Amino acid sequence: MAERFGGRFSPAPHGADAAPPPRPAGPSRAERRTGWLYAVALPFALKAFFQEPTGLARNLAAFGLLVAAAWLTREGVRAAEAFAARSTARRPAFPRKIAGTALTAAGLFLGAWGGTDLVSPLLLSLVGAALHHLAFGSDPLRDKGMAGIDPFQQDRVARIVAEGEGYLSEMHLAAERTRDRMIVARVERFAVTARALFRTVEEDPRDLTAARRWLGVYLMGARDATIKFADLWAKTHDPGARADYEALLDDLETNFARRTTALLEDNRTDLDIEIGVLRDRLKREGVRLADPAPATVESDHVQRP
């Protein structure tokens, strides 16, 4: 990939060149391991065409079950990683990894079963299920950080965040139509800032009222502006239009970052109030609390011994 040279006589970076966004992370190690599950299913598909009709149907069914298990496991790994990345999250509605383990066991049993012996296929299915569980684990079975949070409010946040993610996806697709790497990178950097606001609202759904316009109206306007710019850039390559669009993204990114900071400061203020109320209550109950000692700062003109 080409990189911009910098130095004494190079022009100062600006716009998208000033701070390129981090490269999007690829699939995780656990997600890449799910590719081996598809490889496990392949021999049953190849074996099926050398069997009688009953064996053909049985091996193809085993192949289908193992492919379905691999797909469910991959989706379960992605859901579990998204769950782990957030401080507050609901458990997945459907336990995909557990279902993948069950389908793996069923597929191996069906593929190995071909006569009166049931012990060997059963042992193979149990070993396969155990290895699947050891390799990928189980799905999150409990909500995380949801104590004291209104489920209805949390559902509203989830719907609005999903709508915002849709706007960001459409912005990215429109930016890719420009075939300009710096425009795509600029949109991705804005998406990082917008998603920081998403995570803040998800952690405290009470912030939704203060951030709803940012998650809806402003992101919709950014989406529409990106689509219009992509259409205009494909026809004219007008540098003035590009400068105006980048300035718009700069303003939006700055304001989104300020809104995120303001919400975090409000949350800290709420925490300080709760701590103060708790300390007063404990004092009324006769519990003596040691006040933190104030930090002593010496002036620069005071000579230390």
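Residues numbered from 1 in each chain as written. Predicted model: local features only at pLDDT ≥ 70, side-chain atom pairs only at ≥ 80, totals over all residues. Heavy atoms only, no water.

Things to note about the overall build of the chain
And step 1. Tallying secondary structure elements over the chain gives nine helices and zero strands in all.
And step 2. When the helices and strands of the chain are listed from N to C terminus, the series reads α-α-α-α-α-α-α-α-α.
And step 3. In the chain, which comprises 305 residues, the share counted as buried stands at 32%.
And step 4. A fraction of 74% describes how many contacts in the chain between residues 6 or more apart in sequence connect residues 24 or more apart. (Helix = DSSP H or I, 4+ residues; strand = E, 2+ residues; numbered from the N terminus. Buried < 20%, exposed > 50% of the residue type's maximum accessible area, 1.4 Å probe, protein only. Contact = heavy atoms within 4.5 Å.)

Observations concerning the nonpolar core
And step 1. Core analysis: the largest hydrophobic core is formed by 29 residues, its most contacted members being L168, M171, F190, L197, L219 and F256.
And step 2. Secondary-structure elements contributing two or more residues to this core are α6 (151-177), α7 (181-203), α8 (208-236) and α9 (239-284).
And step 3. With nine residues, the single largest contributor to this core is α7.
And step 4. Ignoring sequence-local partners within four residues, the contact set of L168 consists of F190, A191, A194, R195, F198 and L219. (Core = buried A, V, L, I, M, F, W, Y, C linked by side-chain atoms within 4.5 Å.)

Description of unusual backbone geometry
And step 1. The backbone of R179 shows a phi angle near 55°, a positive value even though the residue is not glycine.
And step 2. Phi at H237 takes a positive value of approximately 55°, unusual for a residue other than glycine.
And step 3. What makes H237 partly exposed here is its relative accessible area of 46%.

A closer look at the packing of aromatic side chains
And step 1. Taken as a whole and assessed by the stated rule, the structure comprises four aromatic pairs.
And step 2. Taken together through their ring pairs, the aromatic side chains of F229, W233 and Y245 make up a single cluster. (Phe/Tyr/Trp six-rings, centres within 6.5 Å; stacked < 30°, edge-to-face > 60°.)

Considering the confidence of the model for the chain
Any residue range with low pLDDT should be treated as having predicted coordinates unsuitable for detailed reading.
And step 1. Looking at the chain as a whole, its pLDDT mean stands at 78, while 74% of the residues score no less than 70.
And step 2. Contacts from residues 1-24, a stretch scored under 50 in pLDDT, to residues over four places away or in other chains number 18 contacts.
And step 3. The model gives residues 292-305 a pLDDT under 50, and that stretch makes one contact with residues more than four places away or in other chains. (pLDDT = per-residue confidence, 0-100.)

Focus on helix α5 (residues 119-136)
And step 1. With 18 residues, α5 extends 26 Å from end C-alpha to end C-alpha; this agrees with the ideal 26 Å at 1.5 Å per step.
And step 2. Residues of α5 that are buried include every one of P121, S125, G128, A129, H132 and F136, and no others. Across the axial projection of α5, the buried residues extend over an arc of 100°, all falling on one side. Turned more than 90 degrees from where α5 packs its buried face, V119, L123, L126, L131 and L134 sit exposed.
And step 3. In this fold, the buried residues of α5 make contact with α1 (29-33), α2 (35-48), α3 (53-85) and α4 (96-112). (Expected span 1.5 Å × (residues − 1). Arc of directions from axis to C-beta.)

Regarding the packing of α3 against α4
And step 1. Remark: α3 packs on α4, axes separated minimally by 7 Å, with the N-to-C direction vectors making an angle of 160°. Here α4 runs roughly antiparallel to α3, going by the angle between their axes. Here α3 runs over α4; the crossing is left-handed.
And step 2. By residue class, the composition of the contact of α3 with α4 is 15 nonpolar, seven polar and four charged. (Axes fitted to C-alpha atoms, helices over the stretch in contact; angles between N-to-C directions. Parallel < 35°, antiparallel > 145°, perpendicular 65-115°, else oblique. Left-handed = near helix turned anticlockwise from the far one by under 90°. Nonpolar A, V, L, I, M, F, W, Y, C, P; charged D, E, K, R; others polar.)

Topic: the environment of A175
And step 1. The residue A175 is located in helix α6 in this model.
And step 2. Spatially, the C-alpha atom of A175 lies 7.7 Å from that of I227, the residues being 52 residues apart in sequence.
And step 3. Setting aside its immediate chain neighbours within four residues, A175 contacts I183, V184, V187 and T226.

A short note on the packing of α2 against α3
And step 1. Viewed as axis vectors pointing N to C, α2 and α3 meet at an angle of 170°, and their least axial separation amounts to 8 Å. Relative to α3, the element α2 lies roughly antiparallel. Counting all contacts with α2, which are made through G35, L37, Y38, V40, A41, L42, F44, A45, K47 and A48, the residues of α3 involved are L56, N59, L60, A62, F63, L66, V67, A70, W71, T73 and R74.
And step 2. Each residue belonging to the contact of α2 with α3 can be placed in one class, and the counts come to 16 nonpolar, three polar and two charged.

Topic: the pattern of salt bridges
And step 1. In total, this model carries eleven salt bridges according to the counting rule given.
And step 2. Put simply, E75 and R78 hold a salt bridge, and the shortest N to O gap is 3.2 Å. Within this pair, E75 and its partner R78 are both found in helix α3, separated by three residues, close to a single helical turn.
And step 3. Taking the relative accessible area as the measure of exposure, R78 reaches 37% and is therefore partly exposed.
And step 4. Linked by salt bridges that have partners in common, R186, R189, D250 and E253 make up one network. (Salt bridge = Lys/Arg side-chain N within 4 Å of Asp/Glu carboxyl O.)

Comments concerning the side chain of T73
And step 1. One can find T73 in helix α3.
And step 2. Not counting chain neighbours up to four residues away, the residues in contact with T73 comprise T34, L37, R96, K97, G100, H132 and F136.

Some remarks on the side chain of D180
And step 1. Mapped onto the fold, D180 is located in the loop between α6 and α7.
And step 2. Overall, the relative accessible area of 15% leaves D180 in the buried class.
And step 3. Side-chain polar atoms of D180 contact the side chain of R242, separated by 2.5 Å.
And step 4. Discounting residues that sit within four places of it in the chain, D180 has contacts with W233 and R242. (Polar contact = N/O pair within 3.5 Å; in protein donor to acceptor, adjacent residues only side chain to side chain.)

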